[in-house]
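Summary of structural features
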Amino acid sequence: MTVATKRPGRRLSRLPANVLSNGLPTRVIFALLLLSSLAPQLHAAEATSSDRTVFALGLVSLPKYEGSAQREEKILPLPSMRRGRWSLGFIEGVHYNLSGNRDIQHGPQLAYSFGRDENDAAILQGMGDIDSGLTLGYILRFPVDAFKLGIGYHQATAKNARGSRVELRGGYDYPLSAQHILGAGLSGSWVDSRYAENYFSVSESQAMNSALPVYTAKAGFKKLGVELKWTYLIDRQWFGLVRFTGSRLVGSIADSPIVENKSQQMAMFLLGYNFE
């Protein structure tokens with residue numbers, strides 16, 4: 001079984017300098033995955049070409065780590081850029097669209113996974129750090145009538161964080177007017193056994209170093225979620241968004257000793273500018 005190892009006197013999950021300058025701890029990065037598709041897609045109806053640059057700031061309230069019962073608030077930068085078939089985002093990483101159809105996106109993705117520090121919460125003490133590293137993936141997004149569906153495969157490459165996850169998303173946007181758009185969606189996340197072991201299992205050595213019992217998490221669905229959002233197109237450049245996401249950890253993931261609360265909620269207010 002692959003486990004995260006504790007290395008005294010050294011924090012493994014180091015952030016790049018540009019992230020440290022923004023004061024973003026690793027314990028909030030898991031929730032940024034929920035935000036990764038926002039900036040590139042928001043205001044798309046107002047874009048006059050396939051090329052665009054978006055910069056947004058989001059005020060987010062979220063759990064300290066996935067499964068935590070404690071919350072914190074952060075201001076997060078969410079810049080993104082698209083040039084032809086290439087797209088680049090702060091969280092989503094680099095993606096190349098192999099599709100020639102404007103409504104369909106599919107292709108490889110290279111992103112960065114920020115791991116987890118044992119200092120993120122008292123319950124994680126003795127669990128060791130989970131390394132940061134590159135994540136390789138492939139994403140597919142396509143419409144079905146008025147619905148937008150997406151699936152993404154992600155494979156972590158860090159030594160003690162290797163594992164795969166599959167993200168499923170479906171949503172529907174309903175324009176109330178030219179400026180106001182309501183949206184709702186469903187999501188699900190499936191993980192393999194290596195991911196489950198690294199993030200939610202407790203090995204014998206970890207149990208000895210912590211107050212947690214030995215536990216083995218298994219492959220399966222990690223969580224199921226629902227989201228509601230309101231988008232306000234202020235003009236052709238400025239836009240705002242209010243979003244609430246509620247999810248519930250399920251299966252053996254939910255039964256992990258590190259999970260304090262199976263229900264996880266995130267609320268966000270975002271203000272962005274589209275450089276046409």
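Structural notes, computed from the coordinates. Along each chain, numbering runs from 1 in the same order as the chain's sequence is written. Where local features are concerned, this predicted model is filtered to residues with pLDDT of at least 70; where side-chain atom pairs are given and counted, the filter is 80 or more; whole-chain, interface and lining totals use all residues. The basis for the side-chain values is all heavy atoms of the structure; hydrogens and waters are excluded.

1. Overview of the nonpolar core
- Remark: nonpolar core denotes a set of buried residues (Ala, Val, Leu, Ile, Met, Phe, Trp, Tyr, Cys) joined through side-chain atoms within 4.5 Å. Type-normalised accessible area, obtained with a 1.4 Å probe on protein chains alone, sets the label of each residue: buried when under 20%, exposed when over 50%, and partly exposed for intermediate values. Tyr199, Phe200, Val202, Ala217, Ile253 and Ile258 are the most contacted members of the largest nonpolar core, which totals 22 residues.
- Secondary structure elements follow DSSP: runs of H or I no shorter than four residues count as helices, runs of E no shorter than two count as strands, and numbering proceeds from the N terminus. Secondary structure elements with two or more residues in this core: helix 4 (193-200) and helix 6 (251-254).
- Looking at which element gives the most residues to this core, the answer is helix 4, with four residues.
- Throughout, a residue-residue contact means that at least one pair of heavy atoms, one from each residue, lies within 4.5 Å. Setting aside chain neighbours within four positions, we find isoleucine 253 in contact with Val191, Ala196, Phe200, Ala217, Lys218, Phe221, Lys222 and Val259.
- Formed by 13 residues, the second largest nonpolar core is a distinct cluster that contains Leu76, Leu78, Leu233 and Met268.

2. A short note on the environment of alanine 254
- Here alanine 254 is to be found in helix 6.
- The spacing of alanine 254 and lysine 222 is 32 residues in sequence and 7.5 Å in space, taken between C-alpha atoms.
- Non-local contacts of alanine 254, meaning those with residues more than four positions away in its chain, are made with Leu249, Val259 and Lys262.

3. Notes on the packing of aromatic side chains
- Here is the rule: rings of Phe, Tyr and Trp (six-membered ring for Trp) pair when centre to centre is within 6.5 Å. Planes less than 30 degrees apart are stacked, more than 60 are edge-to-face, and the remainder are tilted. In total, this model carries six aromatic pairs according to the counting rule given.
- Where tryptophan 86 meets tyrosine 96, the ring centres are 4.8 Å apart and the plane angle is 55 degrees; that geometry is what we call tilted. Of the two residues, tryptophan 86 is situated in strand 4 (residues 86-89) and tyrosine 96 in strand 5 (residues 93-96); the sequence distance between them amounts to ten residues.
- According to the relative accessible area criterion, tyrosine 96 is partly exposed, its value standing at 26%.
- A ring pair is formed by phenylalanine 147 and tyrosine 172, whose centres lie 5.3 Å apart and whose planes are at 45 degrees; its orientation type is tilted.

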